[in-house]
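Summary of structural features
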Amino acid sequence: MSRATKGCGCASAVLVLLLIPAGYVGWKYVLPWWKTKPPTPSGKELQVHILDVGPVEGDSILIISPTGTSVLIDAGDTNKGKVVLEALKRYNVQQLDFFIATHPHPDHIGGADEVIKGTKVLRVIDNGTEPDVPESLAVKQGPKVAQKKPAQDKKSAQDKKPAAKSSSITKFYDDYKDAVTQSGASYEKTQAGTKYDIGGGARLMVLAPTEPLFTKDQMKTGGNLPNANSIVIRLDYGDFSMLLTGDAEEQTEHRMLTKDMNLRSTILKVSHHGSKYATSQDFVERVKPEVAVVSCGEWNRYGHPSQAVLDRLKAANAKLFRTDLQGEITITTRGKEKDYVIKTAKEGAVDVWAGRAGQKDDSTRSGFIAYGDFGPPPKAVNRK
Ligand SMILES: [Zn+2]
C-alpha cells in the first residue's frame, strides 16, 4: 500500500517536471504563433492593385478582399486623387472601408483629400505624425497653430511671411486632415501589433511603426524622419502574403528585424520607390520574396529604383515588376501556395533590372523631397 502511494508520488513528480518545460515551450513558441496565425482563407479571390499614379512619383495601393472589403493604402501625389478615384470606379469599389496613410509626405497623401471627398470612406488610419518641416523652412509655430493663432501681438511683417510659406508647404497635410474631419470617417492612430480583419480570411497586420517612434535626433546619422516612421503592413491570405512597406528606411527594417516578427512574404512592395536607403541585404534575406514590386515614377530624379537594391533582389531570385515601366500591377490570389497571378497594364519587353541614376539625394536630412520638389520633369526624359 505504502509502496503504491510512493510510486504514485514519483509519477506525479515526473509529470510535473514534464509539464513545466512543455508549458514553457507552449507559452514561448506556440502562443505567439497562434496569436499571429492568420485566419483560414475562404478560397475566393483577393486582389491587390499597385496603381500607376503617373510619371511624377507617388504610391497608391488598392486591396479588395475576398468579401469585397476595400482598403486603399496611400493616394498618390497632389492632384492624383482623380486617378485613384477612376481606379475605384474601374474595380467597382463603391466605398473605401479603410484608407491608410503610411506617412505624411505629399507623394503618399497629396491625393488623399480628393479621394476622401470623392468617395465614402469609413475608416482612416495613420501613424499620428505630422509633416517634418525642415529647419530652413520652419517658423516658430507649426502651420496649423499659425493658422489658429493669428498675430496676436506686434508680430512684424517679416514674421508673417515665412508663416505663409510654411502653411503652403504643408497644405497637402492640412487638406488631408480637413477632408478626414469633414468626411465623418472614423479616425484611428495605429502602431505595430494592430490587426485588421478584412474578410474572407484576409488580414492586415501592422509591423511598424513601433512606439516610441523614431525622433529627429535618431535621424542625425542619416534617414528621413517621416519615412522612418512609415506604417508597414503585412497582408496575409492563406499561404499568400505581401509586405507593404510605405517609404520605410533601413532603420525601420532594422527595428523589424530585431523584433522577432514574421517578415517572410510572397511579395514585397519594395520600400521607398526602390531607394538605396532601404531594402537592406538582411531585410531581403528575411523577407525572401518570390516577387518584388517597385512603385516609382519614370520622371523621378532620386535614382528610384536604385541599381544596388535591384541587384540585391535579383541575387535573391525575386521576380521584379515596376510601375514606371509596366504601369498598374495587379495581383490576384485565392490564398493557396504558389497560387497568384500578376498582370501589368503595359506589356512588352522592358529591362526591369536596370536602375535609374539619381540627380538628387532621396533621404536627405535637410529638407527635400517632401516640399515641392516634384516639379516639371527633367528635360532629358522623353515624354509620351
Ligand atoms: Zn514616397
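This section reports on the structure supplied with the text. Note that the structure is predicted; figures quoted are calculated from it, not measured.

Cut-off values and rules
- Residues numbered from 1 in each chain as written.
- Predicted model: local features only at pLDDT ≥ 70, side-chain atom pairs only at ≥ 80, totals over all residues.
- Helix = DSSP H or I, 4+ residues; strand = E, 2+ residues; numbered from the N terminus.
- Buried ≥ 20, exposed ≤ 12 C-beta atoms within 10 Å, placed from the backbone.
- Pairing = 2+ DSSP bridges.
- Axes fitted to C-alpha atoms, helices over the stretch in contact; angles between N-to-C directions.
- Contact = placed C-beta atoms within 7 Å.
- Right-handed = clockwise from strand over helix to strand, strands pointing away.
- Core = buried A, V, L, I, M, F, W, Y, C linked by C-beta atoms within 7 Å.

Description of the overall build of the protein
- Looking only at helices and strands, the protein has 12 helices and 15 strands in total.
- The 384 residues of the protein split such that 46% are buried.

Brief notes about the sheet that holds strand S4 (residues 95-100)
- Judged by pairing direction, the sheet is mixed, and its eight strands sit side by side in the order S6-S5-S4-S3-S2-S1-S14-S15 without closing on themselves. In this open sheet, the two edge strands, each paired with only one partner strand, are strand S6 (186-189) and strand S15 (340-344). Pairwise comparison of adjacent strand axes, ignoring direction, gives a mean angle of 15° for this sheet.
- In terms of strand pairing, strand S1 (residues 46-50) meets strand S2 (residues 61-64) through four bridges, oriented antiparallel. In the sheet register, Gln47 faces S2, and the bridge partner there is Ile64.

Concerning unusual backbone geometry
- Following Ala208, the chain continues into Pro209 via a peptide bond in cis, with omega recorded as 5°.
- Considering the arrangement of structural elements, one finds Pro209 in the loop between strand S8 (202-208) and helix H8 (225-228).
- In this structure, Pro212 follows Glu211 across a cis peptide bond, with omega equal to -5°.
- Secondary-structure assignment places Pro212 in the loop between S8 and H8.
- The backbone phi angle of Asn92 is positive, close to 60°, even though this residue is not glycine.
- Assignment of secondary structure puts Asn92 in the loop between helix H2 (81-90) and S4.
- Accessibility expressed as a C-beta count within 10 Å gives 9 for Asn92, which makes it exposed.

Quick notes on the sheet that holds strand S7 (residues 195-199)
- Taken in spatial order, the seven strands make up an open sheet running S7-S8-S9-S10-S11-S12-S13, and their pairing is mixed. Looking at the sheet topology across the chains shown, the edges are occupied by S7 and strand S13 (319-322). With strand direction ignored, the average angle separating the axes of adjacent strands in the sheet is 20°.
- In terms of strand pairing, S7 meets S8 through four bridges, oriented antiparallel. Within S8, the residue paired with Gly199 across the bridge is Ala202.
- Sheet strands in contact with helix H9 (residues 250-258) are S8 and strand S9 (232-237), and its direction is about 110° off that of S8.

Concerning the pairing of S4
- With five of its six residues buried, S4 lies for the most part within the structure.
- Sheet analysis places strand S3 (residues 70-73) next to S4, joined by three bridges and oriented parallel. Residue Leu72 lies in a different strand from S4, and its bridge partner there is Phe99.
- A crossover links S3 with its parallel partner S4, the connecting element being H2, and its sense is right-handed.
- Across five bridges, the pairing between S4 and strand S5 (residues 120-126) is parallel. Its bridge partner being in S5, Gln95 is matched across the sheet by Lys120.

Some points on the nonpolar core
- Counting residues in each nonpolar core, the largest one holds 74 residues, and the members touching the most others are Leu72, Phe99 and Ile233.
- Those residues in contact with Phe99 that lie beyond four places of it in its chain are Leu72, Ile116, Val121 and Val124.

Looking at the environment of Asp178
- Topologically, Asp178 is positioned in helix H7 (residues 171-183).
- The class of Asp178 is partly exposed, set by 13 C-beta atoms lying within 10 Å.
- Expressed as a C-alpha distance, the spacing of Asp178 and Ile116, which sit 62 residues apart in the sequence, is 10.0 Å.

A closer look at the pairing of S2
- Neither face of S2 is exposed, since Ile61 and Ile63 on one face and Leu62 and Ile64 on the opposite face are all buried.
- Bridge count between S2 and S3: four bridges; the pairing is antiparallel. Bridged to Ile64 within S3 is Ser70.
- Hairpin geometry of S2 and S3 is characterised by an intervening segment of five residues between the two adjacent antiparallel strands and by a positive phi of about 90° at Gly68.

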